[in-house]
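Fold and contact review
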Amino acid sequence: MLSANNRTVRETNVTQDEAIGQAKIELAAALRWAARLGYQSGVCNHFSVAVPGRPDLMLINPEGFFWAEARVSDLVIAQHDGAILTENGHTVEQTAFCIHAPIHRLLPQATAVLHTHMHHATAICMRKGGTVSPSYLSAMSFYLRIAYDRGFDGPALTPAEGERLAGLIGDSFVLMMENHGPLVIGSTIGEALLRLTYLEDTCKMQLMAEAGGHELSKIPTQLMAAIPKDVPRFKNYGRQFMAAIVRTLQREEPDFLT
Ligand SMILES: [Zn+2]
């Protein structure tokens, strides 16, 4: 018969195992969904999430695979220093430990860290002094929460670069890296992925609306400022968005669960 303490330990482990299993499902699903949206460039870039109950570890996509191939069993659990703990034979590309790991380590709110070179947001990053205009409804959720990196220093090949980026993010949840691309953080994978899609939609529409030199209509600052900094409704949207993606992929690409 289990003592109360043993039962607590066992229940805690089951809960943590279930949480890790759910994180793997959501990360594989997020990668496949982002692939559908055309956000991947080559076999590069990473989506990572802190391992539930182990914030010193991250769960991340393996090196050399298309996001469209993502499967639960191919994901990798790694230490921030680059050590791979998963025994599935996969490696993780170096920049993951130079961008993602320091951000997870330094920003506890960055449970999920998503970095892409998705075309429209990256095009804004390529503009001298480029900013996301507060001109579209979805841009309201980014008000005062976008940080801009104007200090491009080549590919991120040392953890010091990730530490510099974490310092720029502060309490923002989007980082637009000049000459490079966007990075989005979130308290859940679904929340971060929803932000990523809103960011790309916002940037795409901005570029379309500006085509031909048209001036953008700016949403008044008082309306933007009326949006609370931490919107519970957005967090709920993120959960619903993730659940809808998992349902769709279970029906159309069930091998992501293998
Ligand atoms: Zn990059």
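What counts, and where the lines are drawn
Residues numbered from 1 in each chain as written. Predicted model: local features only at pLDDT ≥ 70, side-chain atom pairs only at ≥ 80, totals over all residues. Helix = DSSP H or I, 4+ residues; strand = E, 2+ residues; numbered from the N terminus. Buried ≥ 20, exposed ≤ 12 C-beta atoms within 10 Å, placed from the backbone. Contact = placed C-beta atoms within 7 Å. Pairing = 2+ DSSP bridges. Axes fitted to C-alpha atoms, helices over the stretch in contact; angles between N-to-C directions. Expected span 1.5 Å × (residues − 1). Parallel < 35°, antiparallel > 145°, perpendicular 65-115°, else oblique. Nonpolar A, V, L, I, M, F, W, Y, C, P; charged D, E, K, R; others polar. Left-handed = near helix turned anticlockwise from the far one by under 90°.

1. Topic: the environment of Ile146
Mapped onto the elements of the fold, Ile146 is located in strand 5 (residues 146-149). Taking the number of C-beta atoms within 10 Å as the measure of exposure, Ile146 has 19 and is therefore partly exposed. Residues contacting Ile146, with those up to four places away along its chain left out, are Val132, Ser172, Val174 and Met176.

2. Thoughts on the sheet that holds strand 2 (residues 54-60)
Ordered by their spatial adjacency, 7 strands build an open sheet running 3-2-1-4-7-6-5, and the pairing between neighbours is mixed. In the strand order of this sheet, the two ends are held by strand 3 (76-79) and strand 5, each with one partner. Here the strands of the sheet are splayed against their neighbours by 25° on average, with no regard to which way each runs. As defined by bridge partners, strand 5 adjoins strand 6 (residues 174-177) across 4 bridges and the pair is classed as parallel. Residue pairing across strands places Asp149 opposite Met177, the latter belonging to strand 6. Contacts from helix 5 (residues 189-210) reach strand 1 (47-51), strand 4 (112-115), strand 6 and strand 7 (181-186), with the element oriented near 145° to strand 7.

3. Quick notes on the pairing of strand 1
Taking burial as the measure, the 5 residues of strand 1 include 4 buried ones, the bulk of the element. Sheet analysis places strand 1 next to strand 4, joined by 3 bridges and oriented antiparallel. Directly across from Phe47, in strand 4, lies its bridge partner Leu114. Connecting the antiparallel pair strand 1 and strand 2 is a turn made up of 2 residues, with Gly53 showing a positive phi of about 80°.

4. Re helix 5
Along an α-helix, a turn takes 3.6 residues, which lines up residues three or four apart on a common side. The terminal C-alpha atoms of helix 5, which comprises 22 residues, lie 31 Å apart, in line with the 32 Å expected from a rise of 1.5 Å per residue. Following helix 5 by one or two positions, Gly212 has its phi on the positive side, about 85°.

5. Some words on the environment of Ala209
Here Ala209 lies in helix 5. With 74 residues separating them along the chain, Ala209 and Ser135 place their C-alpha atoms 9.6 Å apart. Those residues in contact with Ala209 that lie beyond four places of it in its chain are Ser135, His214 and Leu216.

6. A short note on unusual backbone geometry
Look at Asn45: it is not a glycine, yet its phi comes out positive at around 75°. Looking at the secondary structure, you find Asn45 in the loop between helix 1 (4-36) and strand 1. Of note, the phi angle at Asn179 is positive, near 65°, even though the residue is not glycine. With respect to the secondary-structure elements, Asn179 resides in the loop between strand 6 and strand 7.

7. Some details on the packing of helix 5 against helix 7 (residues 232-252)
The N-to-C vectors of helix 5 and helix 7 enclose an angle of 95°; their axes lie 7 Å apart at closest approach. Between helix 5 and helix 7, the crossing angle belongs to the class labelled roughly perpendicular. Between helix 5, through Ile189, Gly190, Glu191, Leu193 and Leu194, and helix 7, the contact on the second element is made entirely by Phe234, Lys235, Tyr237, Gly238, Arg239, Phe241 and Met242. Class assignment for the residues of the contact of helix 5 with helix 7 results in 7 nonpolar, 2 polar and 3 charged.

8. Brief notes about the packing of helix 2 (residues 95-106) against helix 4 (residues 159-169)
The geometry of helix 2 relative to helix 4 is characterised by a closest axis approach of 7 Å and an angle of 50° between their N-to-C directions. What the angle tells us is that helix 2 and helix 4 run oblique. The crossing of helix 2 and helix 4 is right-handed. When helix 2 is examined against helix 4, the residues Phe97, Cys98, Ile99, Ala101, Pro102, Ile103 and Leu106 are found in contact with a partner set consisting of Pro159, Glu161, Gly162, Glu163, Leu165, Ala166 and Ile169. For the contact of helix 2 with helix 4, the residue count by class is 11 nonpolar, 1 polar and 2 charged.

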